Amino acid sequence: MKKLLLGCACVLLVASVAPVLAHHSPAAFDRTKEVKLVGTVKEFRWQNPHTWIEVIVPDEKGKEVVWGVELTSPTYLIRAGWKSNIIKPGDKVTVVVNPVRSGEPSGIFRSLTLADGRVLTERPARLGTPDSK
Amino acid sequence: MKRNARVTAGVLAGILASACSPAPATTPQSTAPAAASTAAPADAGGEGKQLSALAPATVARMAKTKAPFDLTGNWFIDVSQNPEAWRFGPPYPKLTAASQVHWDAAKKATAEGKVYRDDIGQCWPAGLPLIMTRYWPMAMVQIPSAIYMISGFMNSVRIVYLDGRKHTDPDIIVRTYNGESIGHWEGNDLVVDTVGFRGDHHWMDQGGVAIPAGEQLHIVERFRMVSEGKQLEIEYTMTDPEHWEGEWKSTKRFNRVDDEDIQEVSCLPDLNEHIKSTTSKTQILQ
């Protein structure tokens, strides 16, 4: 059964080194929490400056909630093995995000698990350095 | 969005036209030592108009001076040692009262889990200096009379004139977020002086630190090549008496990126409908 696993939020110690991978401030996100979204892809937009995913996730009462997941740009995602057709509407996925601090259904991307078990993440933005590829 | 695309296309077209022109030389390294005639001619275009930096006559005139280095390439802020290296502080200068109120408001907002006036996130231009250190590369194309910079972040265009012109009369300058940049060579350094900034929705930092950039902002950058041309170093000296005391100094390094090009990037009208954090209750917009 599809389920929003808010109970799996865990505390991380990486809050102080979160870089600005977005066009906007990262301060909106609580980097000490992770929310695991188990749901269905509503839309996946492969575009600059940010790729985004909308995931339909039932809340605790069974009501469908659309979560907005913000990712970095395709430039960096390609380096991490992503493709524009890696997911499509209707796909069953598990997405882990750092949620916005307001409690609204929005978060910044941490990882994506596809139906076949493959796990995708982002890569650090270190273009021009030996570890950039 | 459409305006940005047109500006970018125009700049690129200009660069291509210049590169294809029959001017004697558009490559700095291939030219003769400086001659007295490289000074910008008064009333060069007639009726008081400045001759374009892309005019073949301007390019030819400036090509008489051999540039110490060529910035042409893609450059990306070096965050290999510090992921926060995109910021120009700490250290931060002593703020004026006009600026301190924003600093305090941002700290209070952060403590409450909110974001204070993140104008870049609302699609306002980052502007100088932040446009130089976004997490997207900046393409630079250098010709003898100018350097054209196009950021991978929103395709923001910055032009550094090298043709000997003076800053535009403050009474007629069109203020912008990247300002008006004029550079000259000092030994092996390129020194760029920038004024003419917009003073609204323009910030010196982001993400919990709010220091406004005002119309009095004046930025001097000293560019030099290091690490055998693999890195660009820029020393920043920034003043804005409305918002901080004295000189704010910071030195940044950028890595040359040879395996990536910038792409078309716009803050489309529907972007933030889907980047939901920017419209969430975390945002303090005023």
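Counting of residues starts from 1 at the beginning of each chain's written sequence and follows it residue by residue. Each chain is given a letter, starting from A, and each ligand a number, starting from 1, according to the order in which they appear as written. Whole-chain, interface and lining totals are the exception, using all residues; otherwise, since this is a predicted model, local features are given only for residues with pLDDT of at least 70 and side-chain atom pairs are given and counted only at 80 or more. Note that the side-chain values use all heavy atoms of the structure and ignore hydrogens as well as water.

> Explain helix α3 (residues 97–111) of chain B residue by residue, including any values.
Residue and element names in this part refer to chain B. Helix and strand assignments come from DSSP, with helices taken as H or I runs of at least 4 residues and strands as E runs of at least 2, each series counted from the N terminus. Expected span of a helix, by definition, is 1.5 Å for each gap between consecutive residues, and there is one gap fewer than residues. For α3, spanning 15 residues, the distance from its first C-alpha to its last is 21 Å, which sits close to the expected 21 Å at 1.5 Å a residue. Considered for burial, the residues of α3 that qualify are S99, H102, W103, A106 and A109. What you see down the axis of α3 is that its buried residues fit within an arc of 130°, all on one side. Opposite the buried face of α3, at more than 90 degrees from it, the exposed residues are A97, V101, K108 and A111. Contacts are assigned to residue pairs with any non-hydrogen atoms lying within 4.5 Å of each other. Against β2 (115–116) and β11 (283–284) lie the buried residues of α3. Positive phi appears at G113, one or two residues downstream of α3, with a value of about 75°. Note on exposure labels: buried denotes an accessible area under 20% of the residue type's maximum, exposed denotes more than 50%, and partly exposed covers the range between, all computed with a 1.4 Å probe on protein chains only. The directions considered for the arc are those from the helix axis to the C-beta atoms.

> Help me get a handle on the sheet that holds strand β5 (residues 157–161) of chain B, residues and values and all.
Residues and elements named next belong to chain B. A pair of strands is labelled paired if DSSP reports no fewer than 2 bridges between them. Reading around the circumference, β1-β3-β4-β5-β6-β7-β8-β9-β10 is the order of the nine strands in this closed barrel, with mixed pairing throughout. Each adjacent strand pair in this sheet contributes to an overall mean axis angle of 30°, direction not counted. Examined bridge by bridge, strand β8 (residues 218–226) and strand β9 (residues 231–239) share nine bridges and lie antiparallel to one another. What sits directly across from V226, in β9, is Q231. Simply put, an axis is a line fit to the C-alpha atoms, just over the touching stretch for a helix, and the angle between two N-to-C directions goes from 0 to 180 degrees.

> Explain the confidence of the model for chain B to me, using residue names and the numbers behind them.
Across the chain, each position has a pLDDT score giving the predictor's confidence in that residue, from 0 to 100. Mean pLDDT for chain B: 86, with 83% of residues reaching 70 or above. Interface confidence in the predicted complex, given as ipTM, is 0.80; pTM for the same model is 0.84.

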